[in-house]
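Spelled out, the chains give:
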Amino acid sequence: DIYDKFKERVVKGREQITDFDKLDEIALGRVWTGEDAIENGLIDEVGGYYDAIELAKAEGGIEGEVEIVEYPKRERKKGLEAKLGLGAEIENLPPELREIFELLEIIPVLESDRAQMIMPGKIEVK
């Protein structure tokens, strides 16, 4: 259902893609480079997180600085870290254990009744 809704929105929002068959010919869940996605009419331009914020501000007629609030909001000392009394010291754990703790934090999200769209990988900015 979620993928069908996504496809409906793509067809409605893209001039080059006029129906589901055309979309399936191009996309069908494939991963594209930014340049190929532009060429196939799947996106308008290539950019990052902050480029998207600036574009949204421009489209909304918003000028100047804005406060970015990310959801879901979560407090730092919740869940497993707090129960184990680790707090900020979790950063001192070996990478393998840190990764397990990070994966365990997603369990409440997965158990919720809301539809989830989760990246099939983990992005780290260093």
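Scroll up a little and you will see the structure.
Residues numbered from 1 in each chain as written. Predicted model: local features only at pLDDT ≥ 70, side-chain atom pairs only at ≥ 80, totals over all residues. Heavy atoms only, no water.

*Asks:* Any chance you could explain the overall build of the protein here in plain terms?
*Replies:* Within the protein, the secondary structure is distributed over seven helices and zero strands. Taken across its 126 residues, the protein has 15% of its residues classed as buried. For the protein, the accessible surface area stands at approximately 11200 Å², while carbon and sulfur atoms represent 53% of it. (Helix = DSSP H or I, 4+ residues; strand = E, 2+ residues; numbered from the N terminus. Buried < 20%, exposed > 50% of the residue type's maximum accessible area, 1.4 Å probe, protein only. Areas by Shrake-Rupley, 256 points an atom, 1.4 Å probe, with all protein chains shown as cover.)

*Asks:* Quick question: what am I supposed to make of the packing of aromatic side chains here?
*Replies:* Within a pair of aromatic rings, the relevant descriptors are the distance that separates the centres and the angle that separates the planes. Applying the stated criterion to the full structure yields two aromatic pairs. Here the aromatic rings of Tyr 3 and Phe 6 are separated by 6.3 Å at their centres, their planes lie at 20 degrees, and the arrangement is stacked. Residue Tyr 3 and its partner Phe 6 are located together in helix 1 (residues 2-13), separated by three residues, close to a single helical turn. Judged by relative accessible area, which is 39%, Tyr 3 ranks as partly exposed. Considering the side-chain rings of Tyr 49 and Tyr 50, the 5.0 Å spacing of their centres and the 85 degrees angle between planes classify their relative orientation as edge-to-face. (Phe/Tyr/Trp six-rings, centres within 6.5 Å; stacked < 30°, edge-to-face > 60°.)

*Asks:* Looking at this structure, how should I read the side chain of Lys 7?
*Replies:* Counting through the fold element by element, Lys 7 comes out in helix 1. The buried category is assigned to Lys 7, whose relative accessible area is 10%. In this view, Lys 7 contacts Phe 20, Leu 23 and Asp 24; residues no more than four positions away in its chain are not counted. (Contact = heavy atoms within 4.5 Å.)

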